2 protein chains.
Amino acid sequence: MTRPGGRSARVRDAVHDAVVELLAAGEIDAAIPKIADRAGVNPTSIYRRWGSRDNLLLDAAVTRLRATSPIPDTGSLRGDLLGWAEGVEAAMRDRHGQILLRALVATLAPGAEPVEYLRARGDDLQRMIDAAAGRGEPAPTVDEVLDFVLAPLYLRVLFRRPVEPGAGARLVERLLTALRADPAPPAGRGG
Amino acid sequence: MTRPGGRSARVRDAVHDAVVELLAAGEIDAAIPKIADRAGVNPTSIYRRWGSRDNLLLDAAVTRLRATSPIPDTGSLRGDLLGWAEGVEAAMRDRHGQILLRALVATLAPGAEPVEYLRARGDDLQRMIDAAAGRGEPAPTVDEVLDFVLAPLYLRVLFRRPVEPGAGARLVERLLTALRADPAPPAGRGG
């Protein structure tokens, strides 16, 4: 008998794979039975675990996008930001990454479930920022990282503009330049 | 008899109104006959003018969003940017503006028509920038305006984060600070 955790993780992976494959095949409206069929699981397992198709799409998109851009521990804010931003940039230049971002935005439409799933990514960034502050480096807020780096990369994809090579690194340098110009604590910045 | 231009503009307005009302009522999948019915026009007029539902949605979203944030001619880049960004911020705090942005992003999915309609907004910004350069002010590129100001505001809405009062002005100040710190010509910036 397999451990429940191991089986549970495999089901999650298989279902996420099925979602990505169906989205990539243009079947953006695929219903849960079709997803279950492709994943080789019982539809009941999906309803029980995710509750709704929107919840499943949101979980798949956030999990997969998060996996494409882990935050490294390089010992400097700059190194951490560059490593992370390069992952985001690569995902945004990749067709599957673009599809997942669109799915994410579509499921965040009004009326959808709350954005709890998104918190994981915010928590990742907060840990990176806390580590930098702990080393005495001028540290941004999560909102500043989103504004300077993530928003411009995501908007290129959502508006079908090209993501130019090196865009992630350039946006990180912009953020670091702004921090050097005004290294005040968050509450004092941007007013 | 009315001038064709006047009638044509009225039809366009009525059809755009119908689109916005249907989207606001949650009918995001409303087909052309339903939109025509609500606008009091013949479906044929819509097919002839816009060709497809996606084209119509794109035109309605860009036209209306553009109308919410005209670019003023204040005589300074800062004044122009602030006036424009306040309009964008107001639209992004407004339910109809949020709905239009979501419709815009949804119609820009792969497979949709090209982004010709978007060019109008880029042209507006380019004229503002050219005027600033003509006065000898350090001027950003259109991409910098999008990265610093528009992307963060749009992403708040698309990710269902609140648009805080004054966000537009703060983002404009960030851009102006970055320009002061590095007033090189566009080709020399951001490398």
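Owing to the predicted nature of the structure, the values given are computational and were not obtained by experimental measurement.

**So, the domain arrangement of chain A**
Residue and element names in this part refer to chain A.
Part 1 of the argument: What the domain assignment lists for chain A is domain 1 (6-52) and domain 2 (61-181).
Part 2 of the argument: Placing a centre on the C-alpha atoms of domain 1 and another on those of domain 2 gives a separation of 26 Å.
Part 3 of the argument: Each side of the interface is counted separately: domain 1 has 8 residues, and domain 2 has 8 residues.
Part 4 of the argument: Summed over both partners, the interface of domain 1 with domain 2 buries about 720 Å², with 57% contributed by carbon and sulfur atoms.
Part 5 of the argument: The three residues of domain 1 that bury the most area against domain 2 are V20, L23 and A24, which together make up 58% of that side's buried surface.
Part 6 of the argument: Inspection of the region where domain 1 meets domain 2 yields 2 salt bridges.
Part 7 of the argument: In this structure, R64 engages D17 in a salt bridge whose closest nitrogen and oxygen atoms are separated by 3.0 Å.
Part 8 of the argument: At the junction of domain 1 with domain 2, the criterion picks out 4 residue pairs in polar contact (both at pLDDT 80 or more).
Part 9 of the argument: In terms of residue class, the side of domain 1 that touches domain 2 is made up of 4 nonpolar, 1 polar and 3 charged.

**As for the interface of chain A and chain B**
Often the size quoted for an interface is simply the accessible area lost on bringing the parts together.
Part 1 of the argument: Listed as interface residues are 31 residues of chain A and, on the opposing side, 30 residues of chain B.
Part 2 of the argument: Across the chain A/chain B interface, buried area totals approximately 2700 Å², and carbon plus sulfur atoms make up 62% of it.
Part 3 of the argument: There are 6 salt bridges connecting chain A and chain B.
Part 4 of the argument: One salt bridge in this structure joins R161 of chain B and D143 of chain A, with 2.9 Å as the shortest N-O distance.
Part 5 of the argument: In this assembly, chain A and chain B are joined by 10 residue pairs in polar contact (both at pLDDT 80 or more).
Part 6 of the argument: Listing elements by their share of the side of chain A that touches chain B, those giving two or more residues are helix 6 (95-107), helix 8 (142-158) and helix 9 (167-181) of chain A.
Part 7 of the argument: Per-element tally for the side of chain A that touches chain B: the top contributor is helix 8 of chain A, with 12 residues.
Part 8 of the argument: Of the residues that constitute the side of chain A that touches chain B, the class distribution is 19 nonpolar, 2 polar and 10 charged.

**Some points on the relation of the copies chain A and chain B**
Part 1 of the argument: It takes a turn of 180° to lay chain A on chain B, together with a shift of 0.0 Å along the axis; the resulting RMSD is 0.0 Å. The transformation relating the two chain copies, once decomposed into turn and shift, fits a two-fold axis. Judged by C-alpha distance, A151 of chain A is the residue of chain A that lies nearest the rotation axis, at 2.6 Å.
Part 2 of the argument: A share of 97% of the interface residues of chain A reappears at the interface of chain B, consistent with the copies meeting face to face through the same patch.

**Structural notes on the packing of helix 4 (residues 53-68) of chain A against helix 7 (residues 119-134) of chain A**
All names here are of chain A.
Part 1 of the argument: It is at 10 Å that the axes of helix 4 and helix 7 come closest, and there the two elements cross at 25°. For the element pair helix 4 / helix 7, the angle class is roughly parallel. Of the residues in helix 7, those in contact with V62, L65 and R66 of helix 4 are A120, R121, D124 and R127.
Part 2 of the argument: Of the residues contributing to the contact of helix 4 with helix 7, the split by class is 3 nonpolar, no polar and 4 charged.

**A short note on the environment of Y154 of chain A**
Part 1 of the argument: Mapping Y154 of chain A onto the fold places it in helix 8.
Part 2 of the argument: For the pair formed by Y154 of chain A and L101 of chain A, sequence separation is 53 residues and the distance between their alpha carbons is 7.7 Å.
Part 3 of the argument: If near-sequence neighbours (up to four positions away) are discounted, Y154 of chain A is found in contact with L65, V88, M92, L101 and R121 of chain A together with L155 and F159 of chain B.

**Concerning the nonpolar core**
Part 1 of the argument: By size, the foremost hydrophobic cluster in this structure holds 88 residues, and its most contacted members are L104 and F159 of chain A together with L104 and F159 of chain B.
Part 2 of the argument: Contacts of L104 of chain A, omitting those with residues within four sequence positions, involve L58, A61, V62, L65 and L118 of chain A together with F159 of chain B.

**Quick look at the pattern of salt bridges**
Part 1 of the argument: The full count for this structure, using the stated rule, is 28 salt bridges over all chains.
Part 2 of the argument: The salt bridge involving R127 of chain A is made with D124 of chain A; its shortest N-O contact spans 2.8 Å. Linking R127 of chain A with D124 of chain A, this pair stays in helix 7, spanning 3 residues, or about one helical turn.
Part 3 of the argument: With a relative accessible area of 53%, R127 of chain A lands in the exposed category.
Part 4 of the argument: On the basis of relative accessibility, which here comes to 16%, the residue D124 of chain A falls in the buried class.
Part 5 of the argument: Residues joined in a network through salt bridges with shared partners are D147 of chain A together with R156, E164, R170 and R174 of chain B.

**Comments concerning the environment of A91 of chain A**
All names here are of chain A.
Part 1 of the argument: With respect to the helices and strands, the residue A91 is situated in helix 5 (residues 77-93).
Part 2 of the argument: Judged by relative accessible area, which is 7%, A91 ranks as buried.
Part 3 of the argument: Between the C-alpha atom of A91 and that of G75, which follows or precedes it by 16 residues, the distance is 24 Å.
Part 4 of the argument: Setting aside anything within four residues of it in sequence, one finds A91 in contact with T68, G97 and Q98.

The rules behind these values
Residues numbered from 1 in each chain as written. Chains lettered and ligands numbered in written order. Predicted model: local features only at pLDDT ≥ 70, side-chain atom pairs only at ≥ 80, totals over all residues. Heavy atoms only, no water. Domains from an automatic or database assignment. Contact = heavy atoms within 4.5 Å. Buried area = accessible area lost by both parts, 1.4 Å probe. Salt bridge = Lys/Arg side-chain N within 4 Å of Asp/Glu carboxyl O. Polar contact = N/O pair within 3.5 Å; in protein donor to acceptor, adjacent residues only side chain to side chain. Nonpolar A, V, L, I, M, F, W, Y, C, P; charged D, E, K, R; others polar. Helix = DSSP H or I, 4+ residues; strand = E, 2+ residues; numbered from the N terminus. Least-squares fit on C-alpha atoms with pLDDT ≥ 70 in both. Axes fitted to C-alpha atoms, helices over the stretch in contact; angles between N-to-C directions. Parallel < 35°, antiparallel > 145°, perpendicular 65-115°, else oblique. Core = buried A, V, L, I, M, F, W, Y, C linked by side-chain atoms within 4.5 Å. Buried < 20%, exposed > 50% of the residue type's maximum accessible area, 1.4 Å probe, protein only.

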